[in-house]
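# Understanding the architecture of this molecule
For reference, the chains in residue letters:
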Amino acid sequence: MDKMKIFFIIILIYGVCLMVSAESRIKPIPLRELKNPSSPTYVPIPYPKTRAEIIIDLKYAIKVTTAQEGVDTVGKIPAYEQIKLNLLKDNPQYKIGQIFKVKNRISGIAHEYTWFILIRDLNDKNVVRVVLHANGLYFGSGGIYPNREKDLVKTNREILDILTDAIKRTVDKNDIKSIDRVAFPSPLGDEFSPLWEIAMKDGDIYYYSLNRDCIYKGIEKKEWKNKETTSYYELAPNNEEFLPDEINDKILILKKYDRKNPGKM
């Protein structure tokens, strides 16, 4: 079995671990394995920090995974996989766009963050998103719907305008402690469509879900004990909106705000 096939099998196993682990973070792959060129989990630059380092690991991941994972049942490579492969050419038609560091509240991912990477066409439209683990290993990728490509890169100012519209009071940068991208194991916002987490100086925390185009406020934290026997749905009765924080063993109950001008920001 060649190295590419072994690498792909390891990534699949790693992905299964992400789905089944729900108690604590899975253990990270040892650094010696990441540095070993003969290892199926080798990356050129373990734990990349700069944009240049992330791009090196991204291109390596494309090289060793796309040929294996991208072939569908009839032997064709989907369009978004072809776009990724195009980045490896001497004169690519696509380019690597913005890169975001996303905080991770999912226990099945070994690290506190992932890298969320956008690939753009020559018209500067975002067409593909790729996620790398903090250690530089490939996590996954997918295409972007044309009507969503601008939303993925909303500025902090746009997010504050959305928040202002939702809670019906002006919010400016002087009110804000921090704005981060964050992923939960939730349809409100995961690794491929992370939420914006807006921490206010007064202690309130709001979330903007791109998937729902909606603002939420954290109003209660419930302890999540006995995870083997208690699902997080049991802790959020009456169909309340919530976010499961697997890292801190809490369920964050949310208040939803109906926006006056949804989709306008």
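Here's a quick rundown of the structure.

Thresholds applied
Residues numbered from 1 in each chain as written. Predicted model: local features only at pLDDT ≥ 70, side-chain atom pairs only at ≥ 80, totals over all residues. Heavy atoms only, no water. Pairing = 2+ DSSP bridges. Helix = DSSP H or I, 4+ residues; strand = E, 2+ residues; numbered from the N terminus. Axes fitted to C-alpha atoms, helices over the stretch in contact; angles between N-to-C directions. Contact = heavy atoms within 4.5 Å. Salt bridge = Lys/Arg side-chain N within 4 Å of Asp/Glu carboxyl O. Buried < 20%, exposed > 50% of the residue type's maximum accessible area, 1.4 Å probe, protein only.

## Side note on the sheet that holds strand 5 (residues 176–183)
- Pairing is mixed in the open sheet, where 10 strands are placed in the order 4-3-2-1-5-6-7-8-10-9. Only two strands of the sheet have a single partner each, and these edge strands are strand 4 (138–143) and strand 9 (242–245). Across this sheet, the average inter-strand angle for adjacent strands is 30 degrees, counted without regard to direction.
- Each of strand 2 (113–120), strand 3 (126–133) and strand 4 is contacted by helix 4 (residues 79–86), which is oriented at about 120 degrees to strand 4, the strand it contacts most.
- In the packing of helix 5 (residues 156–167) onto the sheet, the strands contacted are strand 5, strand 6 (195–200), strand 7 (205–209), strand 8 (214–223) and strand 10 (250–257), and the crossing angle to strand 6 comes to about 75 degrees.

## Section: the side chain of Thr 114
- By the secondary structure assignment, Thr 114 is in strand 2.
- Contacts of Thr 114, omitting those with residues within four sequence positions, involve Phe 100, Lys 101, Val 102, Ile 109, Val 131, Leu 132 and Ala 134.

## Some details on the pattern of salt bridges
- Overall, the coordinates contain 11 salt bridges when judged by the stated rule.
- With a closest N to O distance of 3.7 Å, Asp 180 and Lys 103 form a salt bridge. Here the residue Asp 180 occupies a position in strand 5, and Lys 103 occupies one in strand 1 (residues 95–104), the gap between them amounting to 77 residues.
- Ionic pairing is found between Lys 250 and Glu 223, a salt bridge with its closest N-O pair at 2.4 Å. You can see Lys 250 sitting in strand 10 and its partner Glu 223 sitting in strand 8, a full 27 residues away along the chain.
- A relative accessible area of 45% means that Glu 223 is categorised as partly exposed.
- Connected through shared salt-bridge partners, Lys 103, Arg 105, Asp 180, Glu 197 and Asp 245 make up one network.

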